[in-house]
Amino acid sequence: MKRPIRLRFFLPASLLLVALSAIGWDYEQIFARITTLYRPDMQAQWRLQEWRSMLDNSQALEQAQKLETINTFFNQRLRFSDDIDIWGQVDYWASPAESMVKGAADCEDYSIAKYFSLRRAGISNDQLRLTYVKALELNQAHMVLTYFPTPDAIPLVLDNLINQIRPASKRPDLDPVYSFNANGMWLDKMKGQGILLGDPNKLDLWTDLRVRMNNLGMDL
């Protein structure tokens, strides 16, 4: 398991209460722990505040509107960058809070931020998957978030490469490999749930992310 970089920043109490109180997490606990890790500049503070407002406002939206709102939010607020440039590591899965503080993300970070934000917006875990694909035009591994309206449906793809949410059948540029969420891991296919492979905690980077989020009081 790769060890996460420890950053020591300070987040003003007033901002953190605004940024996290409406998300459903224990914001007092998060405040106590996050103050030892983060010291965001003014732009990062506003990103956190916008994140909180977006999550708060998305609670009452219809399912399709939640997907559109959260997908667009992260695609617009975060610039793409590689982990080595953001974190000084070859591969690091950032929590949504870390991505918002940095203002930058790679494909895994976009997908993770959308996954946890949609869970907090009320979408069932069973409908969401973090999905590894091969991006054929780029000829490289890539991660997207997929949403299943029903268990046997063709999933919708939330991607940082394009802003439009499209069915997987309309993304011939992506070749699915495997997917996972908090409850399981699957060998993917174009339609339906795929073949169950087992426990997602076999993925070291996922386990590391969940441990860090739990330590902040931010996990599901």
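Everything below is about the structure printed above this text.
Residues numbered from 1 in each chain as written. Predicted model: local features only at pLDDT ≥ 70, side-chain atom pairs only at ≥ 80, totals over all residues. Heavy atoms only, no water.

(A) Here's a closer look at the overall build of the protein chain. Within the protein chain, the secondary structure is distributed over eight helices and nine strands. Within the span of the protein chain, comprising 220 residues, buried residues form 50% of the whole. Look at the contacts in the protein chain between residues 6 or more apart in sequence, and 61% of them connect residues 24 or more apart. Looking at the protein chain as shown, the accessible area adds up to about 10,300 Å², and 51% of this sits on carbon and sulfur atoms. (Helix = DSSP H or I, 4+ residues; strand = E, 2+ residues; numbered from the N terminus. Buried < 20%, exposed > 50% of the residue type's maximum accessible area, 1.4 Å probe, protein only. Contact = heavy atoms within 4.5 Å. Areas by Shrake-Rupley, 256 points an atom, 1.4 Å probe, with all protein chains shown as cover.)

(B) The arrangement of the packing of aromatic side chains in detail. Taken as a whole, this structure holds nine aromatic pairs when the rule is applied. When the ring of phenylalanine 73 is compared with that of phenylalanine 74, the centres are 5.1 Å apart and the planes differ by 90°; the resulting orientation is edge-to-face. Taking the relative accessible area as the measure of exposure, phenylalanine 73 reaches 5% and is therefore buried. Taking the relative accessible area as the measure of exposure, phenylalanine 74 reaches 0% and is therefore buried. Relative to tryptophan 206, the ring of phenylalanine 180 has its centre 5.2 Å away and its plane inclined at 75°; by these criteria the two rings are edge-to-face. In this pair, phenylalanine 180 is assigned in strand β7 (residues 174-180) and tryptophan 206 in helix α8 (residues 204-216), connecting sequence segments 26 residues apart. The exposure class of phenylalanine 180 is buried, given its relative accessible area of 0%. By relative accessible area, tryptophan 206 is classed as buried at 0%. Among the aromatic residues, those joined into a ring-pair cluster are Trp93, Tyr115, Phe116, Tyr132, Tyr178, Phe180 and Trp206. Here the guanidinium or amino end of lysine 102 rests over the ring plane of tryptophan 87, the centre of that ring lying 5.1 Å away. (Phe/Tyr/Trp six-rings, centres within 6.5 Å; stacked < 30°, edge-to-face > 60°. Lys NZ or Arg CZ within 6 Å of the ring centre and 35° of its normal.)

(C) Summary view of unusual backbone geometry. The backbone of asparagine 139 shows a phi angle near 55°, a positive value even though the residue is not glycine. Counting through the fold element by element, asparagine 139 comes out in the loop between β3 (128-135) and β4 (140-147).

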